[in-house]
Amino acid sequence: MKTIKHALIFLLFIAVQNTYPQLDSLRQIYTDARLPDSIRFQALHYEFDEYRFKSPQSTLKAVYYHQKLAKEKNNKEELYYGFLREAYFSPELIDLEKSISLHNEALKIAKELKMRDKEAHTKANRAVIYLNLGKHLEGVRNYYDALAIFKELEMNSQATWLLQNIGVVNLRIGNYDIALDYFQQYEDAYNKYNLTTQELYSWNHLYIGETYLEKKFYEDALIYLTKALGDFELSESKFGLQKCYKHLARVHMALNQLLKANDYAKKSLAICKEFEWEMDILDAKIMLTEITLKTDKTSACKEGQNILSQLPEDTNNHIKQRLYTLLYNCYKSRDNPQLTAEVLELSIAYKDSVNLEIDRMAIIQELVKQDYETRLSENKLKSEVEKAAIQSSQRRKIYVLIIAAVLLIFLTQFYFRSKIKKDKAIRDSLLNKIEELKNRAETELIVNAKKFQLDIEKIEERIDKKLNQTDRKVLNILLEDPVIANKDIANKVFLSIDGVGSSLRRMYEYFNIKESKYKKISLLLEVVKLSNS
């Protein structure tokens, strides 16, 4: 039937195109009230598919007409298409917030007409808009909802595609383990359903390699990036090749394999120049200069200054920070204090801006991670309940399993609440004991609580060990604040966190402190006891 309708459109299209331009010819069809509604709507569909990129302004007007005609004819399915197609247009014509609103209107119709496949597609499209707005949690949740529907309808190709998309979102915000989980799910589904989307499969290898690169697992990254490179060379995908070259350059640079890193960075730069990708060109040039700096500081300085002189005004802060850090390292190596100070100041300024974005992304990362873990727990519980229900044919057993699941949740919550209270009570008890020992009468402690000091010699005598200056400083700080964090201790004693940790571990062994949640408090209690004994 759809073929016949298209044939009729083309017959009408041919009949009038000698008199009118092509768009006018289509307009003649869909505005002609004498024609059947189905023909008019098919003409509108055709114009959208063929001209939305060639003539967006004209096509947008046709979309508005599509909505008007659908409302006049009370055709909700066509109204669905009208809303969704308006939302497709670029931000130059339709702002993103309005696009969300249009998706919402389309979604209402899809639900009302029980068009589950279109509901899933709409949610997947809305997810992209949310992500472009920086609303990552809403975007990922829309992907999850769409994925669930695609799985329910056994639309395996679409479901598999969404698995990769969810992985990419988590990769971009820094949830690397979650990203790897979804990339692996994509590969499993790809093989299970014998899908033929080789291009997406190649990109999945690239994404896995990039994820391992961000985790600093360079050998694993090299394996997957090499696989992706081979695929993209076969398909001659310049975009995929550029990404592979860029990441491989970073891997080999991290492994100090500078010749290979330089080769891949040059290949990346060549493709960027071919397609005039301005920010990618800058990125590749800076990477090449960073590689050069390791062997030829003079050439690196000249190239860095050259990049700076051509830096576009709209360059993002991350690239600027990299460039000024590069120049700082150049000038520092050439003993140029004035220029070194100038570029260091700029590097720090842009680093602060980058750190603000990193902090913002860290919040998003945690929200998405918590949502993932919540869904994982819910899905696990749901899966267990469903599995138990399938195994039982009697309603009574199903009720028992549901009650048991609810009870398990309640007991788990009760257990953790009780454990938290118990841990708090233990901590408070230990702190109270320390305070009691410190505040004991002068006849017992010789000094009063406000001026209480540890008797280091007596302590060393009792444990038959010598405490070094770091150990003594750490104990005195703990005496002031028993629950202080290692980081804060490190700041006070001017040591690294690792140094403080090493000192504490040594003293745990000296004083036979057993494994517990409050080892520092237990250590202090034992020390105070020995000092007062």
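Anything mentioned here points back to the structure above.
Residues numbered from 1 in each chain as written. Predicted model: local features only at pLDDT ≥ 70, side-chain atom pairs only at ≥ 80, totals over all residues. Heavy atoms only, no water.

### Digging into the overall build of the chain
Of the regular secondary structure elements, the chain holds 25 helices and 0 strands. Put simply, the chain has 533 residues, and 42% of those count as buried. Within the chain, counting contacts between residues at least 6 apart in sequence, those at least 24 apart form 55% of the total. Accessible surface, the chain: about 30800 Å² in total, of which carbon and sulfur atoms supply 52%. (Helix = DSSP H or I, 4+ residues; strand = E, 2+ residues; numbered from the N terminus. Buried < 20%, exposed > 50% of the residue type's maximum accessible area, 1.4 Å probe, protein only. Contact = heavy atoms within 4.5 Å. Areas by Shrake-Rupley, 256 points an atom, 1.4 Å probe, with all protein chains shown as cover.)

### Side note on the packing of helix 13 (residues 238-254) against helix 14 (residues 258-275)
Put simply, helix 13 and helix 14 touch, their axes get as near as 8 Å, and they point 150° apart. Here helix 14 runs roughly antiparallel to helix 13, going by the angle between their axes. In the packing of helix 13 onto helix 14, the handedness of the crossing is left-handed. On helix 14, the residues touching Lys 238, Leu 241, Gln 242, Tyr 245, Lys 246, Leu 248, Ala 249, His 252 and Met 253 of helix 13 are Lys 260, Ala 261, Tyr 264, Ala 265, Lys 267, Ser 268, Ile 271, Cys 272, Glu 274 and Phe 275. Of the residues that constitute the contact of helix 13 with helix 14, the class distribution is 11 nonpolar, 3 polar and 5 charged. (Axes fitted to C-alpha atoms, helices over the stretch in contact; angles between N-to-C directions. Parallel < 35°, antiparallel > 145°, perpendicular 65-115°, else oblique. Left-handed = near helix turned anticlockwise from the far one by under 90°. Nonpolar A, V, L, I, M, F, W, Y, C, P; charged D, E, K, R; others polar.)

### Quick notes on the environment of Lys 76
Assignment of secondary structure puts Lys 76 in helix 5 (residues 76-88). Taking relative accessible area as the criterion, Lys 76 reaches 32% and is therefore assigned partly exposed. Ignoring any residue separated from it by four or fewer positions in sequence, one finds Lys 76 in contact with Ile 109, Glu 112 and Leu 113. Polar contacts involving the side chain of Lys 76 include one to the side chain of Glu 112, which spans 2.3 Å. (Polar contact = N/O pair within 3.5 Å; in protein donor to acceptor, adjacent residues only side chain to side chain.)

### Brief notes about the nonpolar core
Phe 183, Leu 206, Leu 229, Phe 232 and Ile 291 are the most contacted members of the largest nonpolar core, which totals 36 residues. Those elements that provide at least two residues to this core are helix 9 (156-173), helix 10 (176-192), helix 11 (198-214), helix 12 (218-235), helix 13, helix 14 and helix 15 (278-293). Filtering out sequence-adjacent residues up to four positions away, Leu 206 remains in contact with Leu 225, Ala 228, Phe 232, Lys 243, Cys 244 and His 247. The next biggest cluster of nonpolar side chains, apart from the first, holds 30 residues, and it includes Leu 131, Leu 195, Tyr 201 and Val 368. (Core = buried A, V, L, I, M, F, W, Y, C linked by side-chain atoms within 4.5 Å.)

### Remarks on helix 12
The end-to-end C-alpha distance of helix 12, which contains 18 residues, comes to 25 Å, matching closely the 26 Å that a straight helix rising 1.5 Å per residue would cover. Every buried residue of helix 12 is accounted for by Ala 221, Tyr 224, Leu 225, Ala 228, Leu 229, Asp 231 and Phe 232. Mapping the buried residues of helix 12 onto a view down its axis gives an arc of 165°, with all of them on the same face. Exposed residues on helix 12 whose side chains face more than 90 degrees from its buried face are Glu 219 and Leu 234. Tucked into the core, helix 12 has its buried residues touching helix 11, helix 13 and helix 14. One or two residues past the end of helix 12 sits Glu 236, with phi positive at roughly 55°. (Expected span 1.5 Å × (residues − 1). Arc of directions from axis to C-beta.)

### Concerning the side chain of Asn 204
With respect to the helices and strands, Asn 204 occurs in helix 11. Asn 204 sits in the buried class, given a relative accessible area of 0%.

### Looking at the packing of aromatic side chains
Under the definition given, this model contains 16 aromatic pairs. Taken together, a centroid distance of 5.6 Å and an interplanar angle of 15° make the contact between Phe 183 and Tyr 207 stacked. Placement of the pair is Phe 183 in helix 10 and Tyr 207 in helix 11, with a sequence separation of 24 residues. We note that Phe 183, like Tyr 207, is buried. An aromatic cluster of at least three residues, connected via ring pairs, comprises Phe 183, Trp 203, Tyr 207, Phe 232, Phe 239, Phe 275 and Trp 277. Against the face of Tyr 51 rests Lys 54, its NZ or CZ located 5.4 Å from the ring centre. Above the plane of the ring of Tyr 224 lies Lys 227, whose end atom (NZ or CZ) is 4.9 Å from the centre. (Phe/Tyr/Trp six-rings, centres within 6.5 Å; stacked < 30°, edge-to-face > 60°. Lys NZ or Arg CZ within 6 Å of the ring centre and 35° of its normal.)

### Description of unusual backbone geometry
Positioned with a positive phi, Asn 74 is a non-glycine residue whose angle comes to about 55°. One can find Asn 74 in the loop between helix 4 (56-72) and helix 5. A residue is classified by how much of its surface remains accessible, and Asn 74, at 62% relative accessible area, is exposed. Residues other than glycine seldom take positive phi values, yet Asn 194 does so here, at roughly 50°. When you line up the elements, Asn 194 lands in the loop between helix 10 and helix 11.

### Remarks on the environment of Ala 62
In this fold, Ala 62 is placed in helix 4. Considering only alpha carbons, one finds Ala 62 and Phe 48, 14 residues apart in sequence, at a separation of 7.8 Å. Once residues lying within four places of it in the same chain are set aside, the contact partners of Ala 62 are Tyr 30, Leu 44 and Glu 47.

### Considering the packing of helix 6 (residues 96-112) against helix 7 (residues 116-132)
Helix 7 packs onto helix 6 with a crossing angle of 165° between their chain directions and a minimal axis gap of 9 Å. Here helix 6 lies roughly antiparallel to helix 7, going by the angle between them. Two packed elements cross with a definite hand, and for helix 6 against helix 7 that hand is left-handed. Taking contact as the criterion, the partners of Leu 96, Ser 99, Ile 100, His 103, Asn 104, Ala 106, Leu 107, Ala 110 and Lys 111 in helix 6 are, on helix 7, Lys 118, Glu 119, Thr 122, Lys 123, Asn 125, Arg 126, Ile 129, Tyr 130 and Asn 132.

The values reported here are purely geometric and, on their own, carry no functional implication.
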